[in-house]
Amino acid sequence: MIKLFHVCFPGRTLLLAISEGMLSALTLLAAIYLWFGNNVDLALRYDYGALRILFASFVCVLCMYYYDLYDSLVVRSFREVAARMVQVLGTVCIVLAVIYYSYPAAQIGRGPMLTWVVVSGIALLLWRRGYVSVSTSAQLGERCILLGDGPLGKSLAEEIAARPEFGFHLAGYVSQESWVEGAADLPRLGGIGELPEIVRREKISRVIVGMADRRGHLPVQELLGLKTHGIKIHDAPEIFEAVTGQVPVRWLQASWLLFSGGFRISRGILFYKRSLSCAVSLCGIALTAPLMALVAVLIRLDSPGPVIFRQKRIGKDGRPFTLFKFRSMREDADPARPALPDDERITRVGRWIRRCRIDELPQLFNILRGDMCLVGPRPFIPEAEARYAREIPFYSQRWSVPPGATGWAQIKKGYCSTLEDNVEKLGYDLFYIKNISPGLDCLILLHTIKILLLGRGAR
């Protein structure tokens, strides 16, 4: 795993992205060679240049990211990869055509460009096929075992199995009891007293402690002995957070919140968030003012009622504020009821602005007023917040930072309608609060742009 912006990325996925960028550059170089032959050195020096090749390759990798070709579920399906690769290559042609039309000095010749698209498409698909075969091989994974049979360990086993790109291979688990059948597809290797022997026999390099009850049951001496011999010892919540990008709220103990790293919101962080939010909201208002005026006119013509929808939400430290949105439902609609994909309460204009997320634009004024920040936990209505605070442990911790127009939970989980959904979403919110940083905010904004461009998750 490689940690960037306080987020753990699979090293194999980053290696895949880098290798595909290099492969894209090499295929473009090959296309130029096919067209210019012995004059390729002259063509590179005066007509194309290394920077132009690198830029085209960067656009290709960026489009692959935006089409989720580095998502773990997509990577393992060759049919899905092939279908999306066609979309990627078409998008690359459109993006580069627009850029080259705007900046003719940066363009690549039509012949080499078309040759590159065909050659790189074939090369990337073949490379992907080989990558999946190698990356999913258990022989190349780091052999790990789970110590304990608690619910967190079972859930972690399922998450690791679903993400082979992290390079973990769970050989089994060690506990006094056997898991309930069907809880997780892992063999029981033995009892806790056999731990050192099991580690040697199974050639384990990492032990993940997932015991639900540790008082008097945690084999401290055995674990210390293993650690002194180079075996990595990890707490299950630590690995769960690294693999999933969320805090395991369902099985979290207050002591973990107290003694783990992070969860420190300094004045400097709050000042940075306020400064960034003000700058972005001012620019956003200036750039979208004509669009907002047009939308206001369309809403007024489409259905009776106010243009702006106002609703109480809970902000920092549990204080209520008024959230602004363009009205997308009929005036007599019940706003407290969750919206459905084909909700009859949504007006004709409302359906369009919700799909494009234009109904959220008035929140720029909330950000400018200081009610919200650009990035943070999504605010809910007071009734929902009160209910979740009663029924979900540690829920009030999300009020320790200002709410945001977008956030880590929004890009990871999206729309939530049930209590269980909001438990999972809180795990992402706590992860953000624990690891809050400018780099993480930039990562969230980059992913938010991806969601907006692809029109995902709107209701």
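This write-up is about the structure you can find in this document. (Residues numbered from 1 in each chain as written. Predicted model: local features only at pLDDT ≥ 70, side-chain atom pairs only at ≥ 80, totals over all residues. Heavy atoms only, no water.)

The buried fraction of strand β9 (residues 320-326) is high, at 5 of 7 residues. Where strand β8 (residues 308-314) lies against β9, 7 bridges are found, and the strand directions are antiparallel. Note on β9: the bridge partner recorded for Q311 is L323. The hairpin turn running from β8 into β9, its antiparallel successor, is 5 residues long, and D317 in that turn takes a positive phi close to 60°. (Buried < 20%, exposed > 50% of the residue type's maximum accessible area, 1.4 Å probe, protein only. Helix = DSSP H or I, 4+ residues; strand = E, 2+ residues; numbered from the N terminus. Pairing = 2+ DSSP bridges.)

Before going further, it helps to examine the packing of helix α8 (residues 195-202) against helix α9 (residues 220-228). Direction vectors running N to C along α8 and α9 enclose 30°, while the axes themselves pass 9 Å from each other. The segment α8 lies against α9, with L195, P196 and V199 engaging E222, L223 and L226. Broken down by class, the residue content of the contact of α8 with α9 amounts to 5 nonpolar, no polar and 1 charged. (Axes fitted to C-alpha atoms, helices over the stretch in contact; angles between N-to-C directions. Contact = heavy atoms within 4.5 Å. Nonpolar A, V, L, I, M, F, W, Y, C, P; charged D, E, K, R; others polar.)

Any covalent bond linking the sulfur atoms of two cysteines counts as a disulfide. For the coordinates displayed, the defined rule picks out 0 disulfides. With no disulfide of its own, C60 lies closest to C63 among cysteine sulfurs, the gap being 7.0 Å. (Disulfide = S-S within 2.5 Å.)

The nonpolar side chains of soluble globular proteins are, as a tendency, buried together. If you look at the biggest cluster of nonpolar residues, it comprises 37 residues, and the most contacted ones within it are I392, Y395, W408, Y432, L440 and I444. Looking at this core, the elements with two or more residues in it are α11 (254-259), β9, β10 (373-375), α15 (382-391), α16 (408-412), α17 (419-434) and α18 (438-454). No other element matches α17, which puts 7 residues into this core. Core analysis: the next-biggest nonpolar cluster, separate from the first, contains 32 residues, I32, V61, M64 and V74 among them. (Core = buried A, V, L, I, M, F, W, Y, C linked by side-chain atoms within 4.5 Å.)

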